[in-house]
Amino acid sequence: MNKFKSFKWLSVLMVAALFVIAGCGNNNNAGNNSAASGGNAAGNAADSAAIAKIKERGKLLVGVKYDTRLFGLKDPASGNVEGFDIDISKAIAKHILGDENAIELKEVTSKTRIPMLNNGEIDMVVATMTITEERKKEVDFSDVYFQAGQSLLVKKGSPITGLESVTKDTKILGSKGATSIKNIKEKVPGVTVLEFDNYQDAFAALKAGQGDALTTDDAILYGMASQDDGYEVVGKPFTDEPYGIAVQKGNTDVVKAINDTLAELKANGEYDAIYTKWIGKAPAK
Amino acid sequence: MDFSILTDYFGLYLEGFWGTILSSVLALIGSFLLGSVIAVFRITTVKGLRWFGTGYVEFVRNIPLLLVVYIFYYGPSALGFPLDGFKAGTIGLAVYTSAFIAEAIRAGIMAVPKGQMEAARSSGLSYIQTMMHVILPQAIKLVIPPLGNQFINLIKNSSVLTIVAGMDLMYFADSISTETYRTFDTYIFVAVFYLVLTLPLSYGVRVWERRLQRKY
């Protein structure tokens, strides 16, 4: 009797879960379809005339993060969005339109940024986006505008000074599902890794002395270090996470404008100034 | 349903299953002992102990389990002796469950008619003897069903260990699902592992209950 009962419940559970999954699937498909068709339509019309369209509008539409410290963070008090990504966006607006304030920021997340771009809601995505082969099939990327890499956050004065000093006995903290967990296990076989639901929990555990170092993209780690003076990022990044600016596929003129801006910023020292302003130190050469 | 997840990651499932069993057994013993002591505090005539017992039960059972576990995870480390996720989680689980067990035991003892105590005491038995030989044997019959419920809840609640990286079944399941992207399949197997623990317990409690009913 007991067994049958449990099977009954199990099947009820499965059916319920199936509905949920099916629902999600449908939503995703709908989103993708409309994104794809929207993208094509916009792509054909604009093609290499995308810059002309931006100029006609007189305003650059940029998708940025609103929740990422140092890169794109909405200040709850002032309502302003500020960060490295925003300063870069302003420089691009200045290059294309001659006015760094001719810009409209729109919030994107890792999930929404490509659909919004392909829908034509934004001209470009400047949102801590790593250039990957998979994403290159969906969008075009500019040159690397920020070189991130996986690194370690430790308490100041920790014996850990970089990946070299991580041994099997080191307790590493990380976030579930992040590629950084896989990376560290590959670099230091047998290392103990404690995984948490998100970076805030992992950081709280580090503060509570539950582990020796927290690992993920240094860009995120710098944000944490800026929250608490007692912690610092140590060692050289040991993976490559190049951030690029994404535009709709085929908008080569926009990519060129972005790359020209980046080259200009790097040549006149403006890039280093923005980098130092947010990250707290000059970029590694 | 993709059974390759079960076979490919069987080692991880087992490691987590073992963690869940170990944590549950330790928390079960701990919560039973602690709960019994608190139950005695709750019914004793000594005022200080009674207040303590009442305060303990009302405090612990009226805050979320997650918070109890957080207290044992972050609290000791603030005082300089950090407990790892497994220990903090197991202690938190034991403390949380003990409040409910204390209430179940107290309710069982209170349900034994007052005349039993009076009769036993007037036949010359001491308070302790009365408890041991008259009240508790009758109370236990009434206590077993709610205790069984608490123990089943305890096993399921042990999944809270995953929040503090306590190496339990859910913790490893999270890792498996983020690696395979087969969330639904991964967790269905987790449900089966939990049922392997809880169904026999549920059945055992019922058998024990029936046997005790027969005795009197």
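The shown structure was predicted, so the numbers you read here are calculated from the model rather than taken from an experiment.

Draft legend 1. Summary view of the packing of helix α3 (residues 84-97) of chain A against helix α9 (residues 252-267) of chain A. Residues and elements named next belong to chain A. At their nearest, the axes of α3 and α9 sit 9 Å apart, and the two run at 110 degrees to each other. One element, α3, and the other, α9, form an angle in the roughly perpendicular class. When the axes of α3 and α9 are compared, the crossing they make is right-handed. Residues A91, I92, H95 and I96 of α3 form the contact with α9, whose participating residues are A257, I258, D260, T261, E264 and L265. Along the lines of polarity and charge, the residues of the contact of α3 with α9 split into 6 nonpolar, 2 polar and 2 charged.

Draft legend 2. Broad picture of the sheet that holds strand β9 (residues 171-175) of chain A. Residues and elements named next belong to chain A. Taken together, the 5 strands give an open sheet; going across it, the order is β10-β9-β11-β8-β12, and neighbouring strands pair in mixed fashion. Single-partner strands in this sheet number two, and they are β10 (192-196) and β12 (231-234). Shown here is a sheet whose adjacent strand axes are inclined to one another by a mean of 35 degrees, direction ignored. By the bridge criterion, 4 bridges tie strand β8 (residues 150-155) to strand β11 (residues 213-217) in an arrangement that is antiparallel. The residue bridging L152 from the neighbouring strand is T215, located in β11. Where helix α6 (residues 179-187) meets the sheet, its contacts fall on β8, β9, β10 and β11, and the angle it forms with β10 comes to roughly 175 degrees.

Draft legend 3. Just the pairing of β9(A), in detail. Residues and elements named next belong to chain A. With 4 of 5 residues buried, β9 is to be regarded as a mostly interior element. Examined bridge by bridge, β9 and β10 share 5 bridges and lie parallel to one another. Bridging across to β10, L173 finds its partner in L194. As paired elements, β9 and β11 share 2 bridges and run parallel to each other. The residue bridging I172 from the neighbouring strand is A213, located in β11.

Draft legend 4. Representation of the pairing of strand β13 (residues 241-248) of chain A in the model. Residues and elements named next belong to chain A. The buried count for β13 comes to 7 of 8 residues, which makes it a mostly enclosed element. Sheet analysis places strand β6 (residues 124-125) next to β13, joined by 2 bridges and oriented antiparallel. Along β13, the bridge assignment pairs V125 with A246. The pairing of strand β7 (residues 139-148) with β13 spans 7 bridges and is classified as antiparallel. Counterpart to F146 in the pairing with β13 is Y243.

Draft legend 5. View of the UniProt feature "transmembrane region" (unreviewed entry) in chain B. Residue and element names in this part refer to chain B. Feature annotation in UniProt assigns "transmembrane region" (unreviewed entry) to the following positions: residues 20-41, 53-73, 93-112 and 187-208. Here residues 53-73 is 86% helix and 0% strand, with 24 Å between the C-alpha atoms at its ends. Span residues 93-112 is 95% helix and 0% strand, its end C-alpha atoms 29 Å apart.

Draft legend 6. Layout of the confidence of the model for chain B. Per-chain confidence: chain B averages 92 in pLDDT, with 99% of residues scoring 70 or above. Interface scoring of the predicted complex returns ipTM 0.77; its pTM is 0.70.

Draft legend 7. Geometry of helix α3 (residues 47-61) of chain B. All names here are of chain B. The terminal C-alpha atoms of α3 lie 21 Å apart, and with 15 residues this matches the ideal 21 Å at 1.5 Å per residue to within 8%. Looking only at α3, the buried set comprises G53, V57 and V60. All buried residues of α3 project into a common sector of 85 degrees when viewed along the axis, lining one side. In this structure, α3 carries K47, G48, W51, G55, E58 and F59 as exposed residues pointing more than 90 degrees from its buried face. Packed against the buried residues of α3 are α2 (10-43), α4 (65-78) and α5 (85-111).

About the thresholds
Residues numbered from 1 in each chain as written. Chains lettered and ligands numbered in written order. Predicted model: local features only at pLDDT ≥ 70, side-chain atom pairs only at ≥ 80, totals over all residues. Axes fitted to C-alpha atoms, helices over the stretch in contact; angles between N-to-C directions. Helix = DSSP H or I, 4+ residues; strand = E, 2+ residues; numbered from the N terminus. Parallel < 35°, antiparallel > 145°, perpendicular 65-115°, else oblique. Left-handed = near helix turned anticlockwise from the far one by under 90°. Contact = placed C-beta atoms within 7 Å. Nonpolar A, V, L, I, M, F, W, Y, C, P; charged D, E, K, R; others polar. Pairing = 2+ DSSP bridges. Buried ≥ 20, exposed ≤ 12 C-beta atoms within 10 Å, placed from the backbone. UniProt positions renumbered as here; feature names shortened; annotations may be inferred. pLDDT = per-residue confidence, 0-100. Expected span 1.5 Å × (residues − 1). Arc of directions from axis to C-beta.

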